[in-house]
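Each chain, written out:
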Amino acid sequence: MIGRLNHVAIAVRDIGAASQLYRNTLGADVSAPEALAEHGVTVVFITLPNTKIELLEPLGADSPIAKFLEKNPDGGIHHICYEVEDIGAARDQLTKSGARVLGSGEPKIGAHGKPVLFLHPKDFNGTLVELEQA
Ligand SMILES: CC[C@@H](C(=O)O)C(=O)SCCNC(=O)CCNC(=O)[C@H](O)C(C)(C)COP(=O)(O)OP(=O)(O)OC[C@H]1O[C@@H](n2cnc3c(N)ncnc32)[C@H](O)[C@@H]1OP(=O)(O)O
Ligand SMILES: [Co+2]
């Protein structure tokens, strides 16, 4: 079902400082920050030859990454995102197999303008999984 690794996401407290670290210290190609109110995060993408890194900073009072940063004050790897061909079919198959799809179960439009869904970390070896339609 899953295809390419689309991105690895890192939660950070200060997206400006984290962007500078990747740009200046690691010499990476770093995008401008984008506020995504519907997702409760500000996001920056770092383009690598074979995948992307997504830096996430909390946005708003109900940010889904706020609790994660309370538990991990230095930041840390928050989720991995795999591409799937058909996100509705993937959701239905995963639900049948007992995996928990987070939220309403209806895909939201993610940072790349494509439908995304999240799967509960307790069902995937302690790792929050995002699916993005390719
Ligand atoms: C930029 C847009 C988009 C894109 O296009 O790429 C994004 O990536 S948006 C990214 C942010 N959005 C989300 O994370 C949405 C999905 N997340 C959620 O629904 C919740 O955050 C959650 C995963 C259900 C966690 O809920 P929360 O209330 O924050 O925490 P809990 O304490 O209830 O967590 C329960 C349990 O799970 C562990 N946990 C939580 N987050 C993670 C994580 N990122 N990785 C691994 N494990 C995680 C948490 O520690 C709890 O475990 P116990 O302490 O053992 O109970
Ligand atoms: Co993501």
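Residues numbered from 1 in each chain as written. Chains lettered and ligands numbered in written order. Predicted model: local features only at pLDDT ≥ 70, side-chain atom pairs only at ≥ 80, totals over all residues. Heavy atoms only, no water.

## Points about the overall build of the protein chain
What counts, and what does not: For helices the rule is a DSSP run of H or I covering at least 4 residues; for strands it is a run of E covering at least 2, with both sets numbered from the N terminus onward. Every radius of gyration here is taken over C-alpha atoms, with the globule rule written as 2.2 Å times N^0.38, N being the number of residues. Burial classes: relative accessible area under 20% of the type maximum marks a residue as buried, over 50% as exposed, and values in between as partly exposed (1.4 Å probe, protein chains only).
Counting its regular elements, the protein chain contains 3 helices and 9 strands. Helices and strands appear in the protein chain in the N-to-C order β-α-β-β-β-β-α-β-α-β-β-β. For 134 residues, the compact-globule estimate of 2.2 N^0.38 gives 14 Å, and the protein chain sits close to it at 15 Å. Counting all 134 residues of the protein chain, 41% fall into the buried class.

## Some points on the site of ligand 1
Put simply, the rule reads: We call a residue near a molecule or strand as soon as one heavy atom of that residue lies within 4 Å of the molecule or strand. We define a polar contact as two N or O atoms separated by no more than 3.5 Å, with the added condition that, inside protein, one atom must be a possible hydrogen donor and the other a possible acceptor, whereas residues neighbouring each other in sequence contribute only through side-chain atom pairs. Surface exposure here means Shrake-Rupley accessible area, sampled with a 1.4 Å probe, where a residue is shielded only by the protein chains that are shown. Put simply, the grid is 1 Å and covers the protein atoms alone, a cavity is a trapped set of points that fit a 1.4 Å probe, a pocket is an open set with protein on both sides within 12 Å along at least five of seven lines, and lining residues have an atom within 4 Å of a point. To decide whether a molecule occupies a pocket or cavity, check its atoms: if more than half lie within 2 Å of the grid points, it is inside.
Inspection of the region around ligand 1 gives 21 residues, with Glu54, His78, Ala111, Lys122 and Glu130 positioned closest. Histidine 7 places a side-chain nitrogen or oxygen 3.2 Å from an oxygen atom of ligand 1. One nitrogen or oxygen atom from the side chain of glutamate 130 is found 3.0 Å from an oxygen atom belonging to ligand 1. Out of a free accessible area of 1100 Å², ligand 1 has 72% covered by protein chains. The site holding ligand 1 turns out to be the largest pocket. Contributing elements (two or more residues each) for the shell around ligand 1: β5 (52-58), α2 (66-71), β6 (76-84) and β9 (128-133).

## So, the UniProt feature "domain: VOC" (unreviewed entry) in the protein chain
Note the cut-off: UniProt positions are given in the numbering used here, feature names are shortened, and annotations may be inferred rather than shown by experiment.
Residues annotated in UniProt with the feature "domain: VOC" (unreviewed entry) correspond here to residues 4-134. Taken end to end, residues 4-134 has its terminal C-alpha atoms 9 Å apart, with 21% of it in helix and 37% in strand.

## Description of the coordination of the cobalt ion (ligand 2)
Just so we agree on the cut-off: Distances decide who is a donor: an N, O or S atom must be within 2.8 Å of the metal, or within 3.2 Å for Na, K and Ca. Water is not included, so sites may look incomplete. For a four-donor site, all angles between 85 and 135 degrees give tetrahedral; for four or six donors, opposite pairs above 155 degrees with the remaining angles between 65 and 115 give square planar or octahedral; all remaining cases count as irregular.
Taken together, His7 (NE2), Glu54 (OE), His79 (NE2) and Glu130 (OE) make up the full set of protein donors to the cobalt ion (ligand 2), lying 2.1 to 2.4 Å away. Each of the 6 donor atoms bound to the cobalt ion (ligand 2) contributes to angles spanning 74 to 170 degrees, and the resulting shape is octahedral. What makes histidine 7 buried here is its relative accessible area of 1%.

## A short note on the side chain of histidine 7
Rules: Should any heavy atoms of two residues lie within 4.5 Å, those residues are considered in contact.
Relative to the assigned elements, histidine 7 resides in strand β1 (residues 2-11). A polar contact of 2.9 Å, which involves the side chain of histidine 7, links it to the side chain of asparagine 6. Of note is the side chain of histidine 7, whose polar atom sits 3.2 Å from the side chain of glutamate 54. Apart from residues no more than four positions distant in its own chain, histidine 7 is found in contact with Phe45, Thr51, Lys52, Glu54, His79, Ile80, Cys81, His112, Glu130 and Glu132.

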